[in-house]
Amino acid sequence: MEDGSYAQPRCIDTFKSNEHCGKCMKELSKEELLSFVIKCANFAAKKHRNQRRKDVDQTPYINHPLGVANILIQEGNVFEPIVILAAILHDTVEDTDTTFAEIEKEFGHRVCQVVREVTDDKTLPKAERKRLQIEHAPNISREAKLVKLADKLYNLRDLEKSVPIGWTSERVKEYFKWAKAVVDGCRQTNPALERELDILFARHCDSS
């Protein structure tokens, strides 16, 4: 659209894993599903456009949410639109000027709800935010747990490949330990993703 606004596709709130709209009971076409994903990727790319990852290469940040969505599809065999859209958007509120109201307006209540579940409160100290991730993990929705598992898998693989500038080996070890505590709260959600995470934990976490 010329004014840069995002046209609202129909009935995103009622997307089901069987690709049907529960409200209007009409079958959603592949074209409609694709339009949501492209709209969402474009939205996230604009929001994260000035951000970089903390690796040595300063990778564009948008690689991360798109990579998380790709892990869900390619490795987790997850094709639920709500989960994929939430994965692409999962850091927008936490790390950009995006609001939950904006996400709900553009992508619907259910997507917003999942994003809200995986968003840290940046007004809290970092240690408290990390503690709350562990505490809340067992109680979030299945959709949010899927995003959380794929997010942790992406981050841990990145960390294994390239240590962020300024990180010590002890900090890396503590991050793996903390991530395992979060993942343990999301168990029995997706065996494939959990298996890949366990491979990483076996290499980097103490067996005790």
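Each value, and the rule that gives it
Residues numbered from 1 in each chain as written. Predicted model: local features only at pLDDT ≥ 70, side-chain atom pairs only at ≥ 80, totals over all residues. Heavy atoms only, no water. Helix = DSSP H or I, 4+ residues; strand = E, 2+ residues; numbered from the N terminus. Contact = heavy atoms within 4.5 Å. Phe/Tyr/Trp six-rings, centres within 6.5 Å; stacked < 30°, edge-to-face > 60°. Lys NZ or Arg CZ within 6 Å of the ring centre and 35° of its normal. Salt bridge = Lys/Arg side-chain N within 4 Å of Asp/Glu carboxyl O. Buried < 20%, exposed > 50% of the residue type's maximum accessible area, 1.4 Å probe, protein only. Arc of directions from axis to C-beta.

Asks: So what's going on with the environment of K54? Residues and values would help.
Replies: Secondary-structure assignment places K54 in the loop between α1 (30-47) and α2 (63-74). The spacing of K54 and L159 is 105 residues in sequence and 9.7 Å in space, taken between C-alpha atoms. Setting aside its immediate chain neighbours within four residues, K54 contacts P164 and I165.

Asks: Any chance you could break down the side chain of D151 for me, citing the residues and the numbers?
Replies: Relative to the elements of secondary structure, D151 occurs in helix α8 (residues 142-161). Aside from chain neighbours lying at most four places away, what touches D151 is H64, V68 and H90.

Asks: Mind laying out the packing of aromatic side chains, listing which residues take part and the relevant values?
Replies: What the rule picks out here adds up to three aromatic pairs. Of note, K39 hangs over the ring of F107, and the distance from its end group to the ring centre comes to 4.7 Å. The ring of F100 carries the charged tip of R116 above its face, separated from the ring centre by 4.1 Å.

Asks: I'd like a description of the pattern of salt bridges, backed by residues and values.
Replies: Two side chains with opposite charge may pair up if their charged atoms get near one another. Tallied over the full model, the rule gives 17 salt bridges. The residue D97 makes a salt bridge to K47 at a minimum N-O spacing of 3.3 Å. With D97 in the loop between α4 (92-95) and α5 (100-107) and K47 in helix α1, this residue pair connects regions lying 50 residues apart in the sequence. D97 gets classed as exposed once you look at its relative accessible area, which sits at 62%. Notably, a salt bridge pairs R53 with D158, separated by 3.1 Å at the nearest N-O pair. Taken together, the positions of R53 in the loop between α1 and α2 and D158 in helix α8 put the pair 105 residues apart, joining distant regions of the chain. The same class applies to R53 as to D158, namely buried.

Asks: Before we move on, can you summarise unusual backbone geometry with the specific residues and values?
Replies: The backbone of Q58 sits at a positive phi, close to 50°, despite the residue not being glycine. Its location among the elements puts Q58 in the loop between α1 and α2. Positive phi values are uncommon outside glycine, yet Q188 reaches one of about 65°. Turning to its location among the elements, Q188 is positioned in the loop between α9 (169-184) and α10 (191-204).

Asks: Before we move on, can you summarise the environment of V115 with the specific residues and values?
Replies: Mapped onto the secondary structure, V115 falls in helix α6 (residues 109-117). Measuring from C-alpha to C-alpha, the distance between V115 and V147 comes to 8.9 Å, with 32 residues separating the pair along the chain. When near neighbours in sequence (up to four residues on either side) are disregarded, V115 contacts A86, L89, H90, V93, F100 and I103.

Asks: Explain helix α7 (residues 126-136) to me, and be specific about the residues and the numbers.
Replies: Turning to α7, its buried residues number three or more, namely R129, L132 and Q133. Looking straight down α7, one finds that the buried residues subtend no more than 105° of arc, so they occupy a single side. Summarising the contacts, the buried residues of α7 are in contact with α8 and α9.

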